[in-house]
Amino acid sequence: MNFFEFLQQNWSELLALTREHIFLVFVSTALAVLIGVPLGILLTRRKSLQTPILGVANILQTVPSLALFGLLIPIPFVGGIGAKTAIIALTLYSFLPVIRNTVTGISGVDKKVKEAAMAMGMTDWQILKMVELPLALPVMLTGIRVAVVIAVGVATIAAAVGAGGLGTYIFRGLRQNDNNLLLAGALSSAILALVADFALGQIEKIYSLPNIKNKTSRQRRKFVLIGATALILILFGLSFWQNSNNPATNFADKIRVGSKDFTESLILAEILAQMLEKKNVQVERQFELGGNLAHDALLSNQIDVYPEYTGTAYTAILKLSPITDTDAVYQQTKGQYAEKFDLTISPPLGFSNDFAILIRGDVARKNNLKTISEAVPLSNNWQAGFGQDFMSRADGYAGFSKAYNFNFTKQPREMDLSLTYRALASSQVDLIAGNSTDGLISALDLFQLADDKRYFPPYQAVFIARGDKFELLSETFERLNNQISTEEMRRLNYTVDADKRAPKDAASDWLEQKGF
Amino acid sequence: MTESSETIVEFRHVNFQIGAVKILDDLNLQTNKGEILILLGESGCGKTTTLKLINRLIEPSSGEVLVEGKLTTDWNLINLRRRIGYVLQEAGLFPHFTIEENVALVPNLENWEDAKRRARTTEMLELVGLNPQKFADRFPHELSGGQRQRVGVARALAANPDLLLLDEPFGALDAITRTSLQKEFAKLVRELKKTAVFVTHDLHEAFVLGTRIALMDKGRIVLNDTPKNFVKSELPLARAYLETVRRYEFF
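Residues numbered from 1 in each chain as written. Chains lettered and ligands numbered in written order. Predicted model: local features only at pLDDT ≥ 70, side-chain atom pairs only at ≥ 80, totals over all residues. Heavy atoms only, no water.

Another point: the interface of chain A and chain B. Each partner contributes residues to the interface: chain A has 22 residues there, and chain B has 26 residues. In total, chain A and chain B occlude about 2200 Å² of area from one another, counting both sides; carbon and sulfur atoms represent 67% of this. Summed over the shared surface of chain A and chain B, the number is one salt bridge. Across the salt bridge formed by Glu115 of chain A and Lys52 of chain B, the nearest N and O atoms sit 3.7 Å from each other. Counting across the chain A and chain B interface gives four residue pairs in polar contact (both at pLDDT 80 or more). Where the side of chain A that touches chain B is concerned, the elements lending two or more residues are α5 (111–119), α6 (124–154) and α9 (215–245) of chain A. Of the residues that constitute the side of chain A that touches chain B, the class distribution is 13 nonpolar, four polar and five charged. (Contact = heavy atoms within 4.5 Å. Buried area = accessible area lost by both parts, 1.4 Å probe. Salt bridge = Lys/Arg side-chain N within 4 Å of Asp/Glu carboxyl O. Polar contact = N/O pair within 3.5 Å; in protein donor to acceptor, adjacent residues only side chain to side chain. Helix = DSSP H or I, 4+ residues; strand = E, 2+ residues; numbered from the N terminus. Nonpolar A, V, L, I, M, F, W, Y, C, P; charged D, E, K, R; others polar.)

Here you go:
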């Protein structure tokens with residue numbers, strides 16, 4: 001499928017995502033202006049506050065965006081997942097240019113003009129309204145323009161906290177190895193940034209001093225001002241209307257299903273969601289949460305249930321040192337989750353998504369490699385490539401290379417997990433640590449070396465649910481007990497990653513097959 | 001009328017300092033109705049500070065400043081400023097206002113009726129020698145420096161104040177424009193019977209305009225007399241100023 005066919009088939013979804021994106025940028029910029037401009041004005045009146053407040057705004061902008069989103073999740077009222085968190089994070093990012101340019105603009109007004117205004121007997125409010133703000137407006141508009149362009153870029157990250165927007169396509173594209181998705185997401189947000197930059201640049205021009213010569217352009221300025229204000233109010237009103245229609249409140253008979261940001265998690269979440277819907281349970285989907293956001297969202301009561309792996313819960317969340325006994329991991333995780341977090345764990349779904357040490361199929365065949373140990377003697381000059389997760393976790397690279405006595409002469413390359421498969425297939429790297437159920441393994445002719453020393457802990461798939469929702473879910477959990485084999489999961493992943501079927505279609509096909 | 005009611009501006013033992021730096025040192029000064037008082041001195045002598053104390057752009061560190069017999073701090077600040085005309089160097093016009101809007105500023109703040117305000121603006125522009133039809137709708141940056149300064153004077157006079165404060169209004173203009181504006185202004189103020197306090201460092205200007213010259217040095221008034229008596233003064237600083245004028249006459 002080429003890019004234009006892709007656009008033809010997906011234009012309505014792309015349009016919806018673009019609309020979400022614009023909404024996020026618009027509301028956050030409007031908030032930044034509503035708070036930032038008065039704050040900037042205050043700073044011109046209380047100069048001693050300038051250093052601390054601009055300093056804080058400066059620091060806020062240097063916080064990596066994903067980290068800021070992550071930090072906000074557990075905070076009550078402002079945090080959580082969805083558009084609200086994204087808007088707050090984007091607003092924080094937009095503060096600096098708005099506040100700074102308000103201060104610069106007002107401080108830049110000619111001292112003689114300000115002195116004249118005072119001497120003519122204008123009140124402080126009149127000086128601000130009639131002299132300082134009109135003269136500072138072009139500089140302030142530049143600040144708003146910068147804020148909007150930054151927000152368009154940062155808003156792509158918002159998809160990681162389930163806020164939607166064009167980032168959804170970018171993340172999905174990375175995950176599914178799909179250039180069309182990637183291009184559609186990236187191109188659209190780039191175009192959006194350019195259009196916003198151009199349009200705001202035009203407004204800025206209308207308000208700049210050399211342009212206020214004649215009365216007609218003054219009328220135009222008034223018109224633009226009224227129009228922009230009306231647009232802001234309408235969009236603001238719409239946003240509240242949308243929010244009140246879609247309350248993220250915790251109804252007793254409603255289940256909020258979350259998922260992590262990779263295909264398998266999405267499919268499992270869809271399977272659960274559709275089974276619940278067939279039982280007439282109201283379901284709200286909060287999918288594609290990056291990193292450990294799903295766990296944080298569960299703890300802060302933003303979602304009720306999401307698919308997880310026992311090994312991940314055991315090592316990454318409970319921070320216990322890895323063990324290899326499948327049952328022990330399951331039982332200990334279950335016990336500690338109940339005790340520490342009041343979270344319950346479903347029976348195992350059947351398959352495990354273990355770490356899979358992968359090499360190219362042709363290399364495996366040529367050297368007749370079957371196990372990791374057999375590959376060690378050949379691996380000195382290999383370039384390894386691992387996801388950030390694998391590089392940092394306790395049971396990841398450090399322990400693994402020690403256990404098998406690997407001695408890579410080249411430093412392993414750290415990259416996004418979804419990119420490692422493609423890097424391996426195209427010989428950019430020679431060995432990666434993937435997921436054993438990944439559909440790309442057979443699609444890209446990769447070979448999984450057996451873990452002959454049984455180093456990796458087991459990663460049984462389970463659902464984790466809030467204690468207070470377990471009753472509503474337990475029947476469904478029981479029906480899914482041991483129902484999905486590794487083969488089936490690999491096939492499901494493949495239909496989504498390689499055949500480009502939507503996760504929800506893959507899930508409903510599977511449910512039909514199973515007769516659920 | 002009693003004598004005190006004729007005193008428009010009065011300084012009583014006024015000190016003004018920023019941190020440890022004394023700008024004004026026990027200043028005493030009085031201006032009567034109809035006088036044009038010149039504050040003459042070099043940069044940093046405190047003459048602009050003295051001017052700004054009158055419309056309370058700043059307040060004294062100690063001592064009293066009275067306008068029309070009432071302490072400036074007892075006046076309503078906004079009312080005080082609106083009844084005093086203020087002209088500053090390079091006019092300080094609002095660049096985003098038309099000439100008409102600039103001149104009509106105080107009448108607008110005082111909510112004058114449209115017709116009255118319009119008539120007054122036209123009258124003021126004519127008074128300072130600018131054709132209202134030609135200039136009313138222009139913006140300050142479309143005018144020459146001299147024209148802008150005329151607008152500055154028109155703006156100061158628009159609400160018909162009895163007292164005018166002028167801070168080197170003609171200082172940035174070229175010599176020919178300056179001379180003609182000085183003459184016109186002198187005539188204007190005398191005809192309108194205004195009281196004015198005029199800051200300058202140019203003795204020639206002081207002679208053309210002033211009915212009284214207060215010579216300032218290091219925050220004090222060292223001489224306060226009519227132009228006629230100023231010429232006779234033996235004070236070294238006064239002699240030095242007179243040198244500047246005599247040198248012109250010599251050529």
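Now for the side chain of Gln274 of chain A. Residues and elements named next belong to chain A. Its place among the elements puts Gln274 in helix α10 (residues 263–278). Of the residues examined, Gln274 reaches a relative accessible area of 11% and is grouped as buried. When neighbours within four sequence positions are excluded, Gln274 is seen to be in contact with Arg285, Lys504, Ala507, Ser508 and Leu511. (Buried < 20%, exposed > 50% of the residue type's maximum accessible area, 1.4 Å probe, protein only.)

Moving on, we come to the pairing of strand β8 (residues 195–200) of chain B. Residues and elements named next belong to chain B. Counted residue by residue, β8 has six buried out of six residues, so it is predominantly covered. On β8, burial covers both faces: Thr195, Val197 and Val199 on one face and Ala196, Phe198 and Thr200 on the other are all buried. The pairing of strand β3 (residues 36–40) with β8 spans five bridges and is classified as parallel. Paired with Ile36 across the two strands is Ala196, which belongs to β8. Relative to β8, strand β7 (residues 163–167) runs parallel, the two being bridged by five bridges. Among the inter-strand pairings, Asp167 is bridged to a residue of β8, identified as Val199. Each parallel crossover has a hand, and for β7 linked through helix α9 (residues 175–192) to β8 it is right-handed. (Pairing = 2+ DSSP bridges. Right-handed = clockwise from strand over helix to strand, strands pointing away.)

Turning next to the pairing of strand β1 (residues 254–260) of chain A. All names here are of chain A. The buried fraction of β1 amounts to seven of the seven residues, a majority that puts the element mostly inside the structure. Covered by surrounding structure in β1 are Lys254, Arg256, Gly258 and Lys260 together with Ile255, Val257 and Ser259, the residues of both alternating faces. Of the strand pairs in this sheet, β1 and strand β2 (residues 282–289) are connected by six bridges, and their pairing is parallel. Counted as the bridge partner of Arg256 is Glu284 from β2. For the crossover from β1 across α10 to β2, the handedness is right-handed.

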